[in-house]
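Observations on the model geometry
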Amino acid sequence: MTALDLPPTIELGNGTVLRFFEESDAAALALAVGESLEHLKPWMPWADAQSASAGFQRDRLRKLPQLAARGEEWQYGLFADDASDVLGSFGLMTRRGPGTIEIGYWVHVDATGRGYATGAAAALTDLALGLDAVNRALIYCDEANAASAAIPRRLGYTLLRVGRRPPEAPGETGREMVWGRERNQTRPE
């Protein structure tokens, strides 16, 4: 599999599916962001009233096919199998250099604690490390974001470093954890 033929849909087997976001998802995505703003604000610098606007999300989603075609970024929405409500957002990004995919994510406030983020991150880790051009998957999060840090830990990632950077969101300490998993690392069962 090359970086440009990622599957548009991934069945997760837990009642949810990852699928590429489409422009028609803008209103549902804006609603999910709006309903989750207080949950997201401590960790996501972009979490503001503008990001909860359907127009803003439509403009953002409109750009995703070009980012994917350039091999820079792929954004999946997490949806229940039988619904169009957005349960979260999961991205694969090549911004960390050749041979590396970064996985980023957030989950709707009402979808936390159900294993959805872990399941989706596991599927995307397996997908990324199955790409010929990818040797390593990375997940970044602030040290204070215990829920986010629990995901790479559960998936057998190794904590590579904790570095300093200026906080970008109100809950951040400025101590950024970098978790990594190599292609040859096995995931715990």
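This text gives an overview of the structure that appears in the document. Worth saying up front: this structure is predicted, and the values here are computed from it rather than measured. (Residues numbered from 1 in each chain as written. Predicted model: local features only at pLDDT ≥ 70, side-chain atom pairs only at ≥ 80, totals over all residues. Heavy atoms only, no water.)

Quick word on helix H3 (residues 116–129)
Here H3 is 14 residues long and its end C-alpha atoms lie 20 Å apart, about the 20 Å a rise of 1.5 Å per residue gives. Inspection of H3 places Tyr 116, Ala 117, Thr 118, Ala 120, Ala 121, Ala 122, Ala 123, Leu 124, Thr 125, Leu 127, Ala 128 and Leu 129 among the buried residues, and these make up the whole buried set. (Helix = DSSP H or I, 4+ residues; strand = E, 2+ residues; numbered from the N terminus. Expected span 1.5 Å × (residues − 1). Buried < 20%, exposed > 50% of the residue type's maximum accessible area, 1.4 Å probe, protein only.)

Topic: the sheet that holds strand S8 (residues 175–182)
Across the sheet, eight strands lie side by side as S1-S2-S3-S4-S5-S6-S8-S7; this open sheet has mixed pairing. At either end of the open sheet lies a strand with only one pairing partner, and these are strand S1 (9–11) and strand S7 (158–164). The average undirected angle you get between the axes of adjacent strands in this sheet is 25°. As defined by bridge partners, strand S4 (residues 86–93) adjoins strand S5 (residues 100–107) across six bridges and the pair is classed as antiparallel. The partner of Ser 89 across the bridge, within S5, is Trp 106. (Pairing = 2+ DSSP bridges. Axes fitted to C-alpha atoms, helices over the stretch in contact; angles between N-to-C directions.)

Quick look at the pattern of salt bridges
Applying the stated rule across the entire model yields 12 salt bridges. Here Glu 168 makes a salt bridge to Arg 165, at a shortest N to O gap of 3.7 Å. Taking relative accessible area as the criterion, Glu 168 reaches 52% and is therefore assigned exposed. Classification of Arg 165 as partly exposed rests on a relative accessible area of 22%. Salt bridges here are not isolated pairs; linked through shared partners, they connect Arg 165, Glu 168, Glu 172 and Glu 176. (Salt bridge = Lys/Arg side-chain N within 4 Å of Asp/Glu carboxyl O.)

Regarding helix H1 (residues 26–40)
Look at H1: only 18 Å from first C-alpha to last across 15 residues, short of the 21 Å you get at 1.5 Å a residue. At Gly 34, H1 shows its maximal kink, close to 40°. Buried within H1 we find Ala 26, Leu 29, Ala 30, Ala 32, Val 33, Ser 36, Leu 37 and Leu 40. Here the buried face of H1 lies against helix H2 (54–69), S4 and S5. (Bend = angle between axes of the 7 residues up to and from the residue. Contact = heavy atoms within 4.5 Å.)

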